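Residues per chain are reported as follows:
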Amino acid sequence: MFTSAVAGLAVATFAASFVEFVEALTIVLAMGMTRSWKSAWVGTVTALLALVVFTAAAGYALANWLPESALQLVVGTLLLIFGLQWLRKAVLRSSGRKALHDEAEEFREQTEAARRAGRESRFGLDWFAFVVSFKGVFLEGVEVVFIVITFGLNAKNMPVAIIGAAAAGIVVLVIGAVAHGPLTRVPENTLKYGVGLLLASFGLYWAVEGLGILTDGGNSIEWPGGDWMLLVLIAAWLLLSRALISALRRPARPAVTAPVARATEEV
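Residues numbered from 1 in each chain as written. Predicted model: local features only at pLDDT ≥ 70, side-chain atom pairs only at ≥ 80, totals over all residues. Heavy atoms only, no water.

Run through a nonpolar patch on the surface, naming residues and quoting values.
On the surface, Leu211, Ile213, Leu214 and Ile221 cluster together into a nonpolar patch covering about 340 Å² of accessible area. With respect to the helices and strands, the residue isoleucine 213 is situated in the loop between α7 (188-210) and α8 (229-248). We classify isoleucine 213 as partly exposed; its relative accessible area is 32%. (Patch = residues over 30% accessible without salt bridge, like charges linked within 9 Å, V, L, I, M, F, W, Y side chains within 5 Å. Areas by Shrake-Rupley, 256 points an atom, 1.4 Å probe, with all protein chains shown as cover. Salt bridge = Lys/Arg side-chain N within 4 Å of Asp/Glu carboxyl O. Helix = DSSP H or I, 4+ residues; strand = E, 2+ residues; numbered from the N terminus. Buried < 20%, exposed > 50% of the residue type's maximum accessible area, 1.4 Å probe, protein only.)

Written as C-alpha cells, this is what we have:
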C-alpha cells in the first residue's frame, strides 16, 4: 500500500544513497582514469562483496537481537545523530562558514594524489588504485547500508528501502557512463541539506516511538497524527535550520568607495 511513510522511505533512501554513490563514483573514476581501470573495478567489486557480508551480518543482528521498541530507540537515535551531522554541515555551508562541497575539486585532488603515488603491483593489480577504490566504495557503501537497514527495519519495509538505494546506484552509474566523468553538475550541497532534514526527522520520529521501551508495557509510543507527523518534523527542522543559517551568515564586506580609494592612493 502506497502511503506517505512509504513515499518518504523511498525518497530518503534514494536521496541519501545517491549522494554516497556520487562520491564513490568520483573516487573510482579518478583511479581508473589516472592509474588502472582493471584495478579500480576489482577494488570496487571486492568492496561490494564485503558490503554484502556486512549487510547480512548487521541486518540479522538488528532484526533478531532487539525487540521492536528497542530497535526504534537505537536506530532512531543513530539516525538522528547522523542527520544532525549532515544538517550541521549544510547550515555551515549555507551560511558561508564552511566551503561548499565541490565534486570537481574532489576529483582533481584524487587524480593528483594518484599521479604522485608510487607504482606498486600486487596480484597483477595496481595496488594503489585497488586500495583507494576499495576503501572509497566500502566506506561510502557502509553509509548506504546503514541507511537502508535502519530505514527498512524501522519502517518494516526492507524491499522499498533496498529498491530506493538500488535505483540511486543505477542512476549514478548511468549518468556517470554518459558524462564520462564526475557528476559535477549534481546539486550535491542541496541534496545533502535535504537528506539531513529527512534523516533528522525520521530519526527523531523513531527515537521517540522507541522510548516506549521505558514504560511498563514496553510498547512503542504512538505519535499524534501517525505518519503524517513526519511532515511536521521535516518542516520544524527546516525552519530551525533556516533560522540558524540567518543567524550565522557572515555579513558582506562593504565595498570601498571611489573617494576612499583615491585618498588611500594619495597617502
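Could you give an account of the environment of alanine 99, naming the residues involved and the relevant values?
Structurally, alanine 99 is set in the loop between α3 (68-94) and α4 (103-116). Residue alanine 99 is classed as exposed on the basis of its relative accessible area of 63%.

Explain the nonpolar core residue by residue, including any values.
Looking at soluble globular proteins, one finds that nonpolar side chains tend to be buried together. Phe151, Leu199, Phe202 and Tyr205 are the most contacted members of the largest nonpolar core, which totals 32 residues. Of all elements in the fold, only α1 (4-34), α3, α5 (127-154), α6 (158-179), α7 and α8 reach the threshold of two or more residues within this core. Beyond its immediate sequence surroundings of up to four residues, phenylalanine 202 is in contact with Gly8, Leu9, Ala12, Phe151 and Leu230. Residues Phe18, Ile27, Ala30 and Phe107 belong to the second largest nonpolar core, which totals 18 residues. (Core = buried A, V, L, I, M, F, W, Y, C linked by side-chain atoms within 4.5 Å. Contact = heavy atoms within 4.5 Å.)

Tell me about the pattern of salt bridges, and please be specific about residues and values.
Evaluation of the coordinates by the stated rule reveals four salt bridges. Between arginine 108 and glutamate 112 there is a salt bridge, with the nearest N and O atoms lying 2.6 Å from each other. Of this pair, arginine 108 and glutamate 112 both sit in helix α4, four residues apart, roughly one helical turn. Measuring nitrogen to oxygen at the nearest pair gives 4.0 Å for the salt bridge that ties arginine 116 to glutamate 112. Highlighted residues: arginine 116 and glutamate 112, both in helix α4, separated by four residues, approximately one helical turn. Look at glutamate 112 and you get partly exposed, because its relative accessible area is 32%. The structure contains a network of salt bridges with shared partners spanning Arg108, Glu112 and Arg116.

Give a description of the packing of aromatic side chains that names residues and reports values.
In this description, an aromatic ring pair is defined by two values, namely the gap between the centres and the angle between the planes. Summed over all chains, the structure comprises eleven aromatic pairs. These aromatic residues form a ring-pair network of at least three members: Trp127, Phe130, Phe134 and Phe138. (Phe/Tyr/Trp six-rings, centres within 6.5 Å; stacked < 30°, edge-to-face > 60°.)

Tell me about the packing of α5 against α7, residues and numbers included.
The geometry of α5 relative to α7 is characterised by a closest axis approach of 12 Å and an angle of 45 degrees between their N-to-C directions. Relative to α7, the element α5 is oriented oblique. The crossing of α5 and α7 is left-handed. Every residue of α7 that contacts α5 at Thr150, Phe151 and Asn154 is listed here: Leu199, Phe202 and Trp206. Of the residues that constitute the contact of α5 with α7, the class distribution is four nonpolar, two polar and no charged. (Axes fitted to C-alpha atoms, helices over the stretch in contact; angles between N-to-C directions. Parallel < 35°, antiparallel > 145°, perpendicular 65-115°, else oblique. Left-handed = near helix turned anticlockwise from the far one by under 90°. Nonpolar A, V, L, I, M, F, W, Y, C, P; charged D, E, K, R; others polar.)

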